[in-house]
Amino acid sequence: MTMLRKTLLAGLALPFLSSAAMAGEVTLLFWPGPESEAMQKVLDAYNAGPGQADGVTVKQLLFSRQGYFEKEQADLAAGSSEFDLALVTTYTLGRYAPYLDPIDVPAEAKAAFAPVALQSLTLDGKLYGVPTDISVHFLYYRKDLVDRLLSDPEWQKRYAAIAQEKLGREMQPKAPDDWSWDDWIAAALFFSAADNPDSPTRFGTVLQMKNLIFNVMLWQATLVSNGGDWLGADGKPAIDGPAARTGLQVYKTLIDAKATPPGSISYEYPEANAAFQAGQAATMLQWNAAFNELNDPAKSPTVAGKVGLAPLPAGSAGHKSHVHSLGIGLNTASKNKADAGKVLAWLATKDAMTVYAQAGGTPPVPEILKAMAAARPEFPLVGDFVDRYGFVVTGGTAAYAVPVYEVLAEKFSAFWAGQLDLDTALKQAAEGMAERIKG
């Protein structure tokens, strides 16, 4: 047994097996979809190799994706021992942690995983899952159009005129890697028919502003990149501050200028993807998961091969991106913790994460992601951006995380739709946060 596996197993502080447990059989509760399909390849590799040496076989128990997290929480809270290991996420961690055993990850694994991935499954200084998937955000842009903007004097002249008229200052186009939020706004205005009738795209960008927690996750890079956070040093909501005001106004400027489709107020991931895919938008802030589809000639013939990736635009604190992780945690009610610990130890290895990456997962191990560049050209950037720009907001793993996301989504979507003014939206968001944090 490797030192990594020995250390992880020791860190689990595993009790003796209950006589009711069926030694050698471990069940992982997971949700169906591409993640479970990739995970099955990992479990098959374990069962065929290390599992034989350990005397352990592991299988998946799949719930429906609809209402998955609520059902898992209910079963954990009820003390169900039907499963030994379970899916955990950054934003549900605080709800699940009371029913999970903390685990220990040794130095070897800490050196392999992106540090923010371990942070994203940590609560009160304790780690509650082996991270298996990481999500990060990219600035997607049309390389063909931006390359022309950077080389065509006539386009540059028009860009400068629009920036002067709409933003009140002289600006010249830059490479997307160097964009600030103002640079992104200027580019979005230039590539919008409302401000540039000769634009090759109807809209400069496509925003996701539906009342949905995942849209707040995408937006909040504007908050953190401008020095903001959910909570202040005193532990109280800090959302009603300059950083959030700046970030909210970025989106409002774009929708008011008709630089994003008018339906954006009800858009989320698939609608935004479809608009970019169809060639309607020149830029997009989107999850890393979109690249593989957008760069596929069969699925996206209009934009495949023309999709550029850059970090999200920078604020006063630089480039930032929300990240969250999926991971595998240990059910406190498990009656087979010793064998479950052996499976967790395997999942924490580079061998397991390599199998997962090759099967379609996105493990937060930069070395593995870099090695996958030929098959998945976005993977090295995922690892790089997670490491350099990734953040978890203060409180992002707490039990109140989802309720806070929900109140922010409600109030911010109302502001973008013109139903609330900025002061009221932020005031109500701060009050709602305080109520939900208090519980």
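Residues numbered from 1 in each chain as written. Predicted model: local features only at pLDDT ≥ 70, side-chain atom pairs only at ≥ 80, totals over all residues. Heavy atoms only, no water.

1. Side note on the pattern of salt bridges
Argument step 1. Per the stated rule, a full pass over the model turns up 19 salt bridges.
Argument step 2. Of the charged contacts in the structure, one is a salt bridge between D423 and R245, with a shortest N-O distance of 2.8 Å. Of this pair, D423 sits in helix α21 (residues 422–438) while R245 sits in helix α13 (residues 242–256), and the two are 178 residues apart along the sequence.
Argument step 3. On the accessibility criterion, D423 (47% relative accessible area) is partly exposed.
Argument step 4. A single network of salt bridges, built from pairs that share partners, joins D240, R245 and D423. (Salt bridge = Lys/Arg side-chain N within 4 Å of Asp/Glu carboxyl O. Helix = DSSP H or I, 4+ residues; strand = E, 2+ residues; numbered from the N terminus. Buried < 20%, exposed > 50% of the residue type's maximum accessible area, 1.4 Å probe, protein only.)

2. Observations concerning the packing of aromatic side chains
Argument step 1. Throughout the structure, instances matching the rule amount to 21 aromatic pairs.
Argument step 2. Residues W181 and W184 carry aromatic rings whose centres are separated by 5.7 Å and whose planes lie at 70° to one another, so their mutual orientation is edge-to-face. Remark: W184 and W181 occur in helix α10 (residues 181–190); sequence separation between them is three residues, near one turn of the helix. As far as burial versus exposure is concerned, W181 and W184 are alike and both buried.
Argument step 3. Summarising the aromatic geometry, the rings of F190 and F191 are spaced 4.9 Å apart at their centres and angled 80° between planes, so their arrangement reads as edge-to-face.
Argument step 4. Among the aromatic residues, those joined into a ring-pair cluster are W31, F63, Y68, F69, Y91 and F214.
Argument step 5. Directly above the ring of W31 sits R65, whose terminal nitrogen or CZ lies 4.0 Å from the centroid.
Argument step 6. Against the face of F63 rests K71, its NZ or CZ located 4.6 Å from the ring centre. (Phe/Tyr/Trp six-rings, centres within 6.5 Å; stacked < 30°, edge-to-face > 60°. Lys NZ or Arg CZ within 6 Å of the ring centre and 35° of its normal.)

3. Focus on unusual backbone geometry
Argument step 1. The phi angle at D124 is positive, at roughly 55°, despite the residue not being glycine.
Argument step 2. A positive phi is found at K258, a non-glycine position, where the angle reads about 60°.

4. Re the layout of surface pockets
If a probe the size of a water molecule is rolled over the atoms, the empty space left behind becomes visible.
Argument step 1. Computed from the structure, the largest pocket encloses a volume of approximately 1400 Å³.
Argument step 2. W31, E35, R65, S135 and H324 are the residues nearest the centre of the largest pocket, which is lined by 41 residues in total.
Argument step 3. Elements represented by at least two residues in the lining of the largest pocket include exactly α2 (34–48), α4 (68–77), β7 (130–135), α11 (213–219), α14 (269–277), α15 (291–294), β12 (324–331) and α20 (401–416).
Argument step 4. Partitioning the lining of the largest pocket into residue classes produces 18 nonpolar, 12 polar and 11 charged. (1 Å grid on protein atoms, 1.4 Å probe; cavity = no way out; pocket = protein on both sides within 12 Å on 5 of 7 lines; lining within 4 Å. Points joined across faces, edges and corners; volume = space filled by probe spheres on them. Nonpolar A, V, L, I, M, F, W, Y, C, P; charged D, E, K, R; others polar.)

5. Description of the nonpolar core
Argument step 1. Counting residues in hydrophobic clusters, the biggest one holds 147 residues, and the most contacted among them are Y140, W230 and L408.
Argument step 2. The element that contributes the greatest number of residues to this core is α20, accounting for 10 residues. (Core = buried A, V, L, I, M, F, W, Y, C linked by side-chain atoms within 4.5 Å.)

6. Digging into the packing of α13 against α20
Argument step 1. One can describe the packing of α13 onto α20 by two numbers: an axis separation of 9 Å at closest approach and a directional angle of 35°. Relative to α20, the crossing made by α13 is right-handed. Contact residues: α13 offers L248, Q249, Y251, K252 and I255, while α20 offers F412, F415 and W416.
Argument step 2. Residues of the contact of α13 with α20, tallied by class, amount to six nonpolar, one polar and one charged. (Axes fitted to C-alpha atoms, helices over the stretch in contact; angles between N-to-C directions. Left-handed = near helix turned anticlockwise from the far one by under 90°. Contact = heavy atoms within 4.5 Å.)

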